[in-house]
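One letter stands for each residue in the lines below.
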Amino acid sequence: MMRDARGVTLIEVTLAVALVAVLLGLSLPALTARGEAVEVLGAARYLAGEVARARAIAVRRGTAVGLRFVPEDDGFRVQAHADGNGNGVRQTDIARGIDEPVDASFRLSERFPGVRVARNVAVPSIGSQVAGAADARAVRLGAGGTLTMSPLGTATGGTIYLLGRSGRQAAVRVLAATGRVRVMTFDAGAGEWRSR
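Residues numbered from 1 in each chain as written. Predicted model: local features only at pLDDT ≥ 70, side-chain atom pairs only at ≥ 80, totals over all residues. Heavy atoms only, no water.

Under the definition given, this model contains 4 aromatic pairs. When the ring of Tyr46 is compared with that of Phe106, the centres are 5.8 Å apart and the planes differ by 85°; the resulting orientation is edge-to-face. With Tyr46 in helix α1 (residues 10-61) and Phe106 in strand β3 (residues 106-107), this pair connects stretches of sequence that are 60 residues apart. Relative accessible area serves as the criterion here: at 26%, Tyr46 is assigned to the partly exposed category. Each member of the aromatic cluster is reached from another via a ring pair, and the members are Tyr46, Phe106 and Phe112. (Phe/Tyr/Trp six-rings, centres within 6.5 Å; stacked < 30°, edge-to-face > 60°. Helix = DSSP H or I, 4+ residues; strand = E, 2+ residues; numbered from the N terminus. Buried < 20%, exposed > 50% of the residue type's maximum accessible area, 1.4 Å probe, protein only.)

Here you go:
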């Protein structure tokens, strides 16, 4: 009579481990790409929230509030300032301490590692069909890199581009007449920008 053999052989264990390693190796790039897409979109939504917050502060206080994008090494520092003398948020008034900060400044990359305010020149800008370095600006706002929200809820308008580690691109668009914010991502497969 034969008895049931219990247990597994070393060859069976080795094959099972090899199969799991191959499956992980195949799925890891897809998981990493999906994770980056979620992180870039999350950063864009966070920045859109900061724009909406600045707009709400401007309406509540009855004074202009500017979200200022200051270039630094490999990115931008962002800070909201309130108009202190009724002539709008200006660089000279910020330097003199007249237009005071509303809160602490931040870098987007501090909150979303691997995501920064930058532009992938291989991706066409919103409204364009052609990629290229003709206008590689990551912050496309009025003069001085400040997005100003008025007490009436309007804004200067413009676009802020966000870039992930592997070149995934998102953008936050602010409409001047209404101060409304749209988050967009670039779909590389379709070759177009899409609202999110």
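Here strand β8 (residues 169-174) runs beside strand β9 (residues 181-187); their pairing, made up of 5 bridges, is antiparallel. Bridge pairing in β9 links Val174 to Val181. In sequence, β8 turns back onto β9 through a hairpin of 6 residues, with Gly179 there showing a positive phi of about 75°. For β9 and strand β10 (residues 192-195), the ladder comprises 4 bridges, and the chain directions are antiparallel. Opposite Asp187, over in β10, you have Glu192 as the bridge partner. (Pairing = 2+ DSSP bridges.)

Under the definition given, this model contains 7 salt bridges. Residue Arg77 pairs with Glu72 through a salt bridge whose shortest N-O separation is 3.1 Å. You can call Glu72 partly exposed: its relative accessible area is 33%. With a relative accessible area of 23%, Arg77 lands in the partly exposed category. Through salt bridges with shared partners, a single network forms among Glu72, Arg77, Arg107 and Glu110. (Salt bridge = Lys/Arg side-chain N within 4 Å of Asp/Glu carboxyl O.)

Glancing now at the environment of Asp83. When you line up the elements, Asp83 lands in the loop between β2 (75-82) and α2 (91-96). Under the relative-accessibility criterion, Asp83 is labelled buried at 10%. Residues in contact with Asp83, not counting those within four places in the same chain, are Thr63, Ala64, Gly88, Val89 and Asp99. (Contact = heavy atoms within 4.5 Å.)

Approximately 320 Å³ is the volume found for the largest pocket. If you trace the largest pocket, you find 15 residues lining it, with Ala37, Arg168, Thr185, Phe186 and Arg196 closest to the centre. The set of elements that each furnish at least two residues to the lining of the largest pocket consists of α1 and β9. A per-element tally of the lining of the largest pocket places α1 first, with 5 residues. (1 Å grid on protein atoms, 1.4 Å probe; cavity = no way out; pocket = protein on both sides within 12 Å on 5 of 7 lines; lining within 4 Å. Points joined across faces, edges and corners; volume = space filled by probe spheres on them.)

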